[in-house]
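# Examination of the molecular architecture
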Number of protein chains: 2
Amino acid sequence: MLGSTMPTTLESLKARLADIDALHNAVGVMDWDQQCYMPQGGGEARAEHVSRLSRMSHDLTVSDETLRLADEARPESDEDAALLRIVRRDLEKATKIPSSLVEEKSRLSSLAHEQWVRARKADDFASFAPTLERLFEIAREEARHLGYTDHPYDALTDLYEEGATKNGWDAMFDTIRQPLVELVARIKESGVEPDRSFLHGDWDKGAQMEFTTMLAKAVGFDFDRGRQDTAPHPFCTNFSVGDVRLTTRFLDELTSAIFGTLHEAGHGMYEQGSPMEWDRTPLSGGVSLGVHESQSRTWENIVGRSRAFWQRYLPDLKRAFPALPDVDLDTFIKAVNRVEPSLIRVEADEVTYNLHIMVRYEAECDLLTEAVRVRDLPEYWNEKYRQYLGIVPPDNRDGCLQDVHWSGGMVGYFPTYSMGNILSYQFWGRLTADLGDPFDLIAHGDFAPILGWLREHIYRHGSYFTPEELIKRVTGEGLNAKPYLDGITAKYEGLYGLRQTVAS
Amino acid sequence: MLGSTMPTTLESLKARLADIDALHNAVGVMDWDQQCYMPQGGGEARAEHVSRLSRMSHDLTVSDETLRLADEARPESDEDAALLRIVRRDLEKATKIPSSLVEEKSRLSSLAHEQWVRARKADDFASFAPTLERLFEIAREEARHLGYTDHPYDALTDLYEEGATKNGWDAMFDTIRQPLVELVARIKESGVEPDRSFLHGDWDKGAQMEFTTMLAKAVGFDFDRGRQDTAPHPFCTNFSVGDVRLTTRFLDELTSAIFGTLHEAGHGMYEQGSPMEWDRTPLSGGVSLGVHESQSRTWENIVGRSRAFWQRYLPDLKRAFPALPDVDLDTFIKAVNRVEPSLIRVEADEVTYNLHIMVRYEAECDLLTEAVRVRDLPEYWNEKYRQYLGIVPPDNRDGCLQDVHWSGGMVGYFPTYSMGNILSYQFWGRLTADLGDPFDLIAHGDFAPILGWLREHIYRHGSYFTPEELIKRVTGEGLNAKPYLDGITAKYEGLYGLRQTVAS
């Protein structure tokens, strides 16, 4: 065209990344629609459309032209340098794994998901075992292609949490394992069993939607740049910085949708806090699964399950749900923080949650190295539950078949949940040091200073820094479990009237 | 891969068409989401994503490889031959227009839409005139590139209705112009002015949604393969044969959402009736705008505005809306069929509707040939309204600025609305000849035989035949306005108590 100049290599690269982003986004919108609104008759065509768009996106990503542009592009700013770092890292990983393996994994995990659903329903581990065996073989092959020094787990977990290694996770779990097991034991020995039966009932879904939307709005989720819908499983997805979607589900326990919404709103506010100028680029959005989870857990657990939060909102809750018995704040707080060893991770309380993660982490490391065979997984799993939680699953449905991750070939993901729990308390410690007692603010429903601090120190950085760099910038140190252990120990000693210990 | 055989040229072509379909579909889902659910903050990124996906789809369509495959592919069945005919026709058109013109039109019409919205709001035709001028220049250039024998309009209208020409439209309008003008005059002279004030009110939106969903279900729209949402403008879109989406809006006139829903359900049932085995191919779905509109008008006007329909549903309507006065069937039917020359096409009744279309058709033919200049359009428009409808718009907002089409560069589209009206009566005549009096069925809410006939004769053929071939197969003749003129003359003579004429 007359008057136009040739784009630089960097500009050409950015244009390709924008095309890839558009394809990703199309898949994202289609997935959201499928979970929230799509009629059942749309499933077959939707699967076909999504698979074609995913293939186009993959082809464009690993094309010779994209690789050349990424190789030759020269940064013109610090932001460009950060962007190039991310792009090159992603491309290196994407090109190391042969297309044939990508395709086999994609085909197998689609099949495996159906098999897993059936096997779980029928409590039939044996029918799923051969596929799970093959999925772990693929994981081993992936690790081999990606390369590692110490342990194949390093190669895989780095896909979910940049810089993470098995050694790092081991150190993290070694720090929290014993204190958590002991805290659970002390709580059990206390004999205190808070009543939470009053939370159960046939609660009106419309009223639940209204109340949870009010809370999401109150804590700072921006509904001009997002929305909330219902879906069978709660999740958060985003199509741009200006369009972040939460979903909520309504169970017969009144607080399930409330804490679920605060959790997803935490993810959502992180995405909404990313700079507009990075929208639709790899610099935009949450930096890693662990850091993301720290934000969902902050709003769900530290804020949402606090006495201060319910000091502010329990009267509103009672007004919105007149059938709720007129319990006092103390009873309510004890109910929503009740610690109870249970079988199901997603329903676990804040104290036992990481013990569930440890079982999975240890299982997948041992499956990867074939220290344990897939056919022996149920026994292995049950023994770990006995050891860490003091209970044994009566079947595999609520045992080793409960989570979706492995059927999707995701190995190395689980520890990021624990990292999020730990990190939420670590960040909260810095926030408290800067703001003074944030629970004073929470008790008045004044969340803006808290959200403002998180935006300033975490959200506005998008994916500019590595997770390690970001954690260092915010906390002045690496991942450190002490604030988490101190925090939950103090919280639950108080709630359960335990003799205070000196935190180790 | 081992054991796999090389795909044939035809198979390779079909794979490319499936990729193009996936991209189209992504744009379709994003557009639906934008109109139904997207938060305002998502607009900018959505526009960027849609524009990139549209470009990818266009590039893939007109790529050398697609052209080569379409050229070299050999049909292996009658269906393949029909598919190749459609593909080659589309490609021929797509490649005749230079990319630079496609791009300019796309950019300009995006800008023009915003200008049009502002100009209409401010009743400021002059601010929109230069852009409209350029849009008609582009239309002239498009026509020149596409080629035509008699009139540039032929090249453009064929994009919306295969095989249509200006001569054909002229003949169609010449047949209906005078009878319609006369019928409107006779109705006016009758002095009868049915009361429809009782339809106005602040009707509950939830109850309207429930009632319109019930009706859509009753006439045969399949909610396992579709859904209904609310949107500012009613429309129907589909992502596959198994996933067809209707939208409805709620105004203060009770029947607006009802007839709007029946209209969109008519479009929707046509799409749902396309064969599953053609899903995601160019053979799937409605064959042309005119034939599509015939189905929406059948269900909206012939079925939905009939006495038989309300004989069945007026009691239900009164139960659903207790605030509705207890009017009798006769009063109700006269109200929903009231004929009244008005300024706004989309709110026009069944008799005056085509007069609105004629004004636009004549205007766009004359603008295209520069028989009238854009700056003189308001005067031209108002004179046509005086002549055809006996009223003169007091401003351009409700005059020549009212429709969106020209701001999108769509010239040649309007006559398909009239074709749909005419065709709906023509098809209905054949249906009546085959089924006996369909109004007996309608009075009992038994729509299955009617839908079954339409599926068998029209819907199941998808786009296999050309529109002309399909009309010939169904009716044994070409487009013929006599059944329409006879039908509405008899209907409105009855409703308005006019002296009966012998239909010409």
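Just so it is clear, the model here is predicted, and its values are computed rather than measured.

Tracing the chain through its elements places threonine 352 of chain B in the loop between helix H13 (329-336) and helix H14 (353-368). With residues up to four places along the chain from it excluded, the contact list for threonine 352 of chain B reads Val184, Val339, Glu340, Pro341 and Leu389 of chain B.

All names here are of chain B. Of all five residues in strand E1 (residues 226-230), four are buried; the element is thus mostly enclosed. The sheet contact formed by E1 and strand E3 (residues 243-248) spans five bridges and is parallel. Its bridge partner being in E3, aspartate 229 is matched across the sheet by threonine 247.

Our next topic: the relation of the copies chain A and chain B. If you rotate chain A by 180 degrees and push it 0.0 Å along the axis, it lands on chain B with an RMSD of 0.0 Å. These values place the two chain copies in the arrangement generated by a two-fold rotation axis. Distance from the rotation axis, computed per C-alpha, reaches its smallest value in chain A at alanine 26 of chain A: 2.7 Å.

Taken together, the 40 residues of chain A in the interface contact 40 residues of chain B. When the buried surface of chain A facing chain B is broken down by residue, Tyr37, His49 and Arg280 of chain A rank first, second and third, together holding 17% of it. Our count for the contact surface shared by chain A and chain B stands at eight salt bridges. Among the salt bridges present, the one from arginine 245 of chain A reaches aspartate 33 of chain B, with a minimum N-O distance of 2.7 Å. One can count 18 residue pairs in polar contact (both at pLDDT 80 or more) joining chain A with chain B. Per-element tally for the side of chain A that touches chain B: the top contributor is helix H1 (residues 9-36) of chain A, with 12 residues.

Under the defined criterion, the tally for this structure stands at 88 salt bridges over all chains. As a salt-bridge pair, aspartate 33 of chain A and arginine 46 of chain A come within 2.9 Å of each other at their nearest N and O atoms. Taken as a pair, aspartate 33 of chain A in helix H1 and arginine 46 of chain A in helix H2 (residues 43-61) lie far apart in primary sequence, 13 residues in all. In this pair, the class of aspartate 33 of chain A matches that of arginine 46 of chain A, namely buried. A salt bridge links lysine 384 of chain A to glutamate 362 of chain A, with the shortest nitrogen-to-oxygen separation between them at 2.6 Å. Placement of lysine 384 of chain A in helix H15 (residues 377-389) and of glutamate 362 of chain A in helix H14 (residues 353-368) is noted, with a sequence separation of 22 residues between them. A network of salt bridges, in which partner residues are shared, links Asp19 of chain A together with Glu48, Arg52, Arg55 and Asp59 of chain B.

Before going further, it helps to spend a moment on the sheet that holds E1 of chain B. Residue and element names in this part refer to chain B. Spatial strand order, E1-E3-E2: three strands in an open sheet with mixed pairing. Each having just a single partner strand, E1 and strand E2 (236-240) make up the two edges of the open sheet. With direction set aside, neighbouring strand axes in the sheet form an average angle of 20 degrees. Relative to E3, E2 runs antiparallel, the two sharing four bridges. Pairing of cysteine 236 across the sheet is with leucine 246, part of E3.

This next bit is on the domain arrangement of chain A. Residue and element names in this part refer to chain A. The domain boundaries assigned to chain A delineate domain 1 (9-96) and domain 2 (197-337 + 417-496). For domain 1 versus domain 2, the distance between C-alpha centres works out to 29 Å. Contact between domain 1 and domain 2 buries roughly 1500 Å² in total, counting both sides, with carbon and sulfur atoms accounting for 63%. Ranking the residues of domain 1 by area buried against domain 2 places Trp32, Gln35 and Glu79 at the top, with a combined share of 35%. Where domain 1 touches domain 2, the interface holds zero salt bridges. Summed over the shared surface of domain 1 and domain 2, the result is three residue pairs in polar contact (both at pLDDT 80 or more).

Another point: unusual backbone geometry. The phi angle at glutamate 370 of chain A is positive, at roughly 60 degrees, despite the residue not being glycine. Positioned with a positive phi, arginine 280 of chain B is a non-glycine residue whose angle comes to about 70 degrees. Structurally, the position occupied by arginine 280 of chain B is in the loop between helix H10 (254-272) and helix H11 (289-303). Exposure remark for arginine 280 of chain B: the relative accessible area of 22% places this residue in the partly exposed category.

Quick look at the packing of helix H9 (residues 205-219) of chain A against helix H10 (residues 254-272) of chain A now. When two helices pack together, their arrangement is given by the angle between the helix axes and by the axis-to-axis distance. Residues and elements named next belong to chain A. Taken N-terminus to C-terminus, the directions of H9 and H10 make an angle of 35 degrees; their axes are 9 Å apart at the nearest point. Once H9 is placed against H10, the crossing between them reads as right-handed. On the side of H9, the interface is formed by Gln208, Phe211, Thr212, Leu215, Ala216 and Val219, while H10 contributes Leu254, Ala257, Ile258, Thr261, Leu262, Ala265 and Met269. Residue classes in the contact of H9 with H10 are distributed as 10 nonpolar, three polar and no charged.

The subject of this paragraph is the side chain of serine 407 of chain B. Residue and element names in this part refer to chain B. Here serine 407 is to be found in the loop between helix H15 (377-389) and helix H16 (415-435). For serine 407, a relative accessible area of 1% gives the class buried. Here the side chain of serine 407 touches valine 404 through a polar contact of 2.7 Å, landing on its backbone oxygen. When residues no more than four places from it in sequence are discounted, the contact partners of serine 407 are Ser109, Ala112, His113, Trp116, Phe128 and Leu135.

This next bit is on the sheet that holds strand E3 (residues 243-248) of chain A. Residue and element names in this part refer to chain A. Reading across the sheet, the three strands line up as E1-E3-E2 and stay open at both edges, with mixed pairing between neighbours. A single partner strand is all that each edge strand has here, and the edge strands are strand E1 (226-230) and strand E2 (236-240). Pairs of neighbouring strands in the sheet enclose a mean axial angle of 20 degrees, with direction left out of account.

What follows deals with the environment of leucine 441 of chain A. Residue and element names in this part refer to chain A. Looking at the secondary structure, you find leucine 441 in helix H17 (residues 438-443). Relative accessible area serves as the criterion here: at 19%, leucine 441 is assigned to the buried category. Along the sequence, leucine 441 and lysine 205 sit 236 residues apart, while their C-alpha atoms lie 30 Å from each other. Residues within four places of leucine 441 in sequence aside, it is in contact with Leu435, Asp446, Pro449 and Ile450.

Residues and elements named next belong to chain B. Along helix H3 (residues 64-72), the residues that are buried comprise Thr66, Leu69 and Ala70. Around the axis of H3, the buried residues are gathered within 95 degrees of arc, so they sit on the same side. In H3, the exposed positions that point more than 90 degrees away from the buried face belong to Asp64 and Asp71.

Moving on: the packing of aromatic side chains. Here a ring pair, both rings aromatic, is described through the centre-centre distance and the interplanar angle of the planes. Residue and element names in this part refer to chain B. Considering all chains together, one arrives at 59 aromatic pairs over all chains under this definition. Lying over the aromatic face of tryptophan 32, arginine 245 brings its terminal NZ or CZ to 4.5 Å of the ring centre. We note arginine 360 situated over the ring of phenylalanine 414; from NZ or CZ to the ring centre the distance is 5.8 Å.

Here the focus is the packing of H14 of chain B against H16 of chain B. All names here are of chain B. Close contact between H14 and H16 brings their axes to 8 Å; oriented N to C, the two are set at 145 degrees. Note on packing geometry: the crossing formed by H14 with H16 is left-handed. On H16, the residues touching Tyr353, Asn354, Ile357, Tyr361 and Glu364 of H14 are Pro415, Tyr417, Ser418 and Asn421. A breakdown of the residues in the contact of H14 with H16 according to their chemical character gives five nonpolar, three polar and one charged.

Here the focus is the state of the cysteines. All names here are of chain B. Per the counting criterion, the structure on display carries zero disulfides over all chains. Unpaired in this structure, cysteine 36 has its nearest cysteine sulfur neighbour in cysteine 236, at a distance of 11 Å. Overall, cysteine 36 belongs to the buried group, its relative accessible area being 14%. With no disulfide of its own, cysteine 400 lies 17 Å from the sulfur of cysteine 365, the closest cysteine sulfur. On the basis of relative accessibility, which here comes to 7%, the residue cysteine 400 falls in the buried class.

The subject of this paragraph is the environment of glycine 201 of chain A. Along the chain, glycine 201 of chain A turns up in the loop between helix H8 (166-189) and H9. Separated by 272 residues in the primary sequence, glycine 201 of chain A and arginine 473 of chain A place their C-alpha atoms 46 Å from one another.

Rules of the game
- Along each chain, residues carry numbers from 1 onward, in the same order as the chain's sequence is written.
- In the order they appear in the text, chains get letters beginning with A and ligands get numbers beginning with 1.
- Where local features are concerned, this predicted model is filtered to residues with pLDDT of at least 70; where side-chain atom pairs are given and counted, the filter is 80 or more; whole-chain, interface and lining totals use all residues.
- With hydrogens and water excluded, all non-hydrogen atoms of the structure serve as input to the side-chain values.
- Under the scheme used here, helices are H or I runs from DSSP no shorter than 4 residues and strands are E runs no shorter than 2 residues, and both carry numbers assigned from the N terminus.
- Every residue pair with non-hydrogen atoms within 4.5 Å of one another is taken to be in contact.
- Each residue is placed in one exposure class: buried if its accessible area under a 1.4 Å probe, protein chains only, is under 20% of its type's maximum, exposed if it is over 50%, and partly exposed if it falls in between.
- Here, a strand pair is defined by DSSP locating no fewer than two bridges between the strands.
- We place the copies in one frame by least squares, fitting the C-alpha atoms of every residue whose pLDDT is at least 70 in both.
- What counts as buried area is the accessible surface, traced by a 1.4 Å probe, that two parts surrender upon association, with contributions from both included.
- By definition here, a salt bridge exists when the distance from a side-chain nitrogen of Lys or Arg to a carboxyl oxygen of Asp or Glu is within 4 Å.
- Counting of polar contacts relies on pairs of N or O atoms within 3.5 Å, with two restrictions inside protein: one atom must be capable of donating a hydrogen and the other of accepting it, and residues adjacent in sequence are counted only when both atoms are side-chain atoms.
- Between the N-to-C directions of two axes lies an angle of 0 to 180 degrees, each axis being a line fitted to C-alpha atoms and, for a helix, fitted only over the stretch in contact.
- Residue ranges for the domains originate in an automatic or database domain assignment.
- Crossing handedness is defined as follows: a turn of the near helix away from the far one that is anticlockwise and smaller than a right angle gives a left-handed crossing, while the clockwise case is right-handed.
- Only Asp, Glu, Lys and Arg are considered charged, only Ala, Val, Leu, Ile, Met, Phe, Trp, Tyr, Cys and Pro nonpolar, and every remaining residue, Gly among them, polar.
- The arc under discussion is defined with respect to the helix axis, by the directions toward the C-beta atoms.
- Two aromatic rings from Phe, Tyr or Trp, using only the six-membered ring of Trp, form a pair when their centres are within 6.5 Å; if the ring planes differ by under 30 degrees the pair is stacked, by over 60 it is edge-to-face, and anything between is tilted.
- Should the NZ of a Lys or the CZ of an Arg lie within 6 Å of a ring centre and within 35 degrees of the ring normal, that charge is described as sitting over the ring.
- Only a pair of cysteine sulfur atoms within 2.5 Å qualifies as a disulfide here.

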